[in-house]
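Commentary on secondary and tertiary structure
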Amino acid sequence: MNAANIDATVATLWRVESPRVLARLARVVGDLDTAEELAQDTFVTAIEKWRQDGVPDNPAAWLHTTARYLAVDRIRRRDTQRSKVRLAAATSPQGVEHDLAELVDGDLADDLLGLIFMAAHPILSPDARSALTLKLVCGLDTEAVARAFLVPGPTIAQRVVRAANIRFELPGPAERPARLAAMREVIYLVFNEGYSATSGDSWMRTDLCAEALRLGRMLASLTPHDTESLGLLALIELQASRLKARTGPDGEPVLLMDQDRTRWDHLLIRRGLAGLERIDQLGGTAGPYALQAAIAPCHARACQRSLCMMWRPTSP
Amino acid sequence: MRYMVMHYQTQDAEDWIRPSPETRAAIEEYMREAAMSGVLLSGEGVFPSSAGARVEVTDGKVRVIDGPFAEAKELIGGFAILDVDSLDEAVEHARKFALLVGTERVDVRRVVEAEDLR
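Criteria and thresholds
Residues numbered from 1 in each chain as written. Chains lettered and ligands numbered in written order. Predicted model: local features only at pLDDT ≥ 70, side-chain atom pairs only at ≥ 80, totals over all residues. Helix = DSSP H or I, 4+ residues; strand = E, 2+ residues; numbered from the N terminus. Buried ≥ 20, exposed ≤ 12 C-beta atoms within 10 Å, placed from the backbone. Contact = placed C-beta atoms within 7 Å. pLDDT = per-residue confidence, 0-100. Pairing = 2+ DSSP bridges. Axes fitted to C-alpha atoms, helices over the stretch in contact; angles between N-to-C directions. Core = buried A, V, L, I, M, F, W, Y, C linked by C-beta atoms within 7 Å. Parallel < 35°, antiparallel > 145°, perpendicular 65-115°, else oblique. Left-handed = near helix turned anticlockwise from the far one by under 90°. Nonpolar A, V, L, I, M, F, W, Y, C, P; charged D, E, K, R; others polar.

1. Things to note about the overall build of chain B
When helices and strands are tallied, chain B shows 3 helices and 6 strands. Traced from its N-terminal end to its C-terminal end, chain B shows the element sequence β-α-α-β-β-β-β-α-β. Taken over the C-alpha atoms alone, chain B extends approximately 45 × 45 × 20 Å along its principal axes. Burial status across chain B gives 25% buried among its 118 residues. Across chain B, the fraction of contacts at a sequence separation of at least 24, relative to all contacts at a separation of at least 6, is 75%.

Structure representation (structure tokens):
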């Protein structure tokens, strides 16, 4: 494989693996800035090593092992520094012993949740949260994020600059609902940015919907008993199912009742309806997303001149 | 874009030999991680070919044959549909699954969507 192919493979792997790599690094080293630095180092090392030795059979595993090594190394050096400072300040001479293996290996679900909470941190503006989410959780580079929001690259860089000091922490039970709500808001905003686009390259905009859908699926799988997360996903899958039918041949908008139903995405409809069933099983609709999701199929069915689905209100 | 990732049978699977507990645990963990990645749209596994059948058409004549069929590695073992941005991405997902499940072959094919037909 030549250098260009290796670079392309590493770029693809960044997209696929970097959120996971970054999430774990952030948990282990504690702050986003260091985590991002070590993640970059991991992938740069990959390019260097693989140009010599070729791409390994399991590149993902190689990346995770290397990231782990870099994290452990950074912590050891940090501790050594701290120990030296303590000795110099004539305080306790004992170093801190970590069980590093225990520290480094953790649950991927918790790591990803932590990453999501960092990206949607309350200290950031809504614009910054969206940009940071696309960057960290979706693995998009700054240019791709900039193209997605139709702004110049430096604007995105500016938006995320405050994020550097954010620390990895899983919010306690009191703050968790609000923090999850903030992430859902990011996902829905990104989806709507793509769904309601009236300007810009339409190809870019459906990409935004796709990212939002993936984020929605990720969040739903991380919080599988949260009816609002499930509701959000069901809602955007049902809305996205009509994306291809919403514009006519000249790009003009087509109303729901006039849409060509063969252009509706039936896989997404099935998934959306399955999501609604799961919400029902969990106790029904209580929050705004779950409610909107429950109504979504009715809009479509009400427009059918034949059968009309009875919308069954669920218990509050 | 959607890609269908089809993995082919191992001889063990064809012989109804269940994977070891470790492999099963690893596969479960992989499916959990795949769900977390947000790209998994659907997927199914299939039983060994002895539970299935084959329709062969030669010169318009139809022959129905009951499984099992020889050549485990020519037989599909299951599929997943992934929502990714490129063939390369689908391949990286397929690669991980292939190594995990111990199959010799995973095919990655792009799914035809409505607008591709226009």
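Now that the structure has been shown, the text picks up again.
2. Considerations on the confidence of the model for chain A
Residues and elements named next belong to chain A. Looking at chain A, pLDDT values average 86 and 85% of them are 70 or higher. Note that pLDDT drops below 50 for residues 89-98; the model gives that stretch 8 contacts with residues more than four away or on any other chain. Low pLDDT (under 50) marks residues 305-316, which in the prediction has 11 contacts with non-local residues, meaning those over four places away or in another chain.

3. Things to note about the sheet that holds strand β6 (residues 106-110) of chain B
All names here are of chain B. Spatially, 4 strands are ordered β2-β5-β1-β6 in an open sheet, and the strand pairing comes out antiparallel. Either end of the sheet is taken by a strand with one partner, and the two such strands are β2 (40-45) and β6. The mean inter-strand angle of the sheet, taken between neighbouring strand axes irrespective of direction, is 15°. Direction of pairing for β2 relative to strand β5 (residues 76-83): antiparallel, over a ladder of 5 bridges. Directly across from Gly45, in β5, lies its bridge partner Gly78.

4. Things to note about unusual backbone geometry
In this structure, Pro68 of chain B follows Gly67 of chain B across a cis peptide bond, with omega equal to 5°. Inspection of the secondary structure assignment puts Pro68 of chain B in the loop between β4 (61-66) and β5. In this model, Leu150 of chain A sits at a positive phi of 55°, which is unusual for a non-glycine residue. Along the chain, Leu150 of chain A falls in the loop between α7 (142-148) and α8 (153-160). For Leu150 of chain A, a count of 14 C-beta atoms within 10 Å corresponds to the partly exposed category. The phi angle at Glu71 of chain B is positive, at roughly 60°, despite the residue not being glycine. Structurally, the position occupied by Glu71 of chain B is in the loop between β4 and β5.

5. Quick word on the interface of chain B and chain A
If you look at the interface, chain B gives 18 residues, while chain A gives 23 residues. Secondary structure elements with two or more residues in the side of chain B that touches chain A: α2 (21-37), β2 and α3 (87-101) of chain B. Among the elements that make up the side of chain B that touches chain A, the one with the highest residue count is α3 of chain B (6 residues).

6. Side note on the confidence of the model for chain B
Chain-level pLDDT for chain B is 92 on average; 97% of the residues reach the 70-or-more range. The ipTM, which scores confidence in the relative placement of chains, is 0.91 for this predicted complex, and the corresponding pTM is 0.89.

7. Looking at the nonpolar core
Of all hydrophobic cores here, the largest spans 77 residues; its most connected members are Leu25, Ala26, Leu115 and Ile116 of chain A. Once you skip the residues sitting within four places of it in the chain, Leu115 of chain A turns out to touch Pro19, Leu22, Ala23, Ala26, Leu136 and Val137 of chain A. Formed by 13 residues, the second largest nonpolar core is a distinct cluster that contains Val5, Ala90, Phe97 and Val106 of chain B.

8. A look at the pairing of β5 of chain B
Pairing of strand β1 (residues 2-8) of chain B with β5 of chain B involves 7 bridges; the strand directions are antiparallel. Counted as the bridge partner of His7 of chain B is Gly78 of chain B from β5 of chain B.

9. What to know about the packing of helix α11 (residues 227-240) of chain A against helix α12 (residues 266-281) of chain A
Residues and elements named next belong to chain A. Two elements in contact, α11 and α12, have axes whose closest approach is 8 Å; the angle formed by their N-to-C orientations is 155°. The angle between α11 and α12 places the two elements in the roughly antiparallel class. Read as a crossing pair, α11 and α12 show a hand that is left-handed. Between α11 and α12, the contacting residues are Thr227, Leu230, Gly231, Leu233, Ala234, Glu237, Leu238 and Ala240 on the first element and Leu268, Ile269, Arg271, Gly272, Gly275, Leu276, Arg278 and Ile279 on the second. Of the residues assigned to the contact of α11 with α12, the class counts are 9 nonpolar, 4 polar and 3 charged.

10. Some points on the packing of helix α1 (residues 3-29) of chain A against helix α2 (residues 32-53) of chain A
All names here are of chain A. As a packed pair, α1 and α2 sit with axes 8 Å apart at the nearest point and diverge in direction by 150°. The angle between α1 and α2 falls in the class roughly antiparallel. Read as a crossing pair, α1 and α2 show a hand that is right-handed. Of the residues in α2, those touching α1 at Ala3, Ile6, Asp7, Val10, Trp14, Ser18, Val21, Leu22, Leu25, Ala26 and Val29 are Leu32, Thr34, Ala35, Glu36, Leu38, Ala39, Thr42, Phe43, Ala46, Ile47, Trp50 and Arg51. Looking at the contact of α1 with α2, its residues break down into 17 nonpolar, 3 polar and 3 charged.

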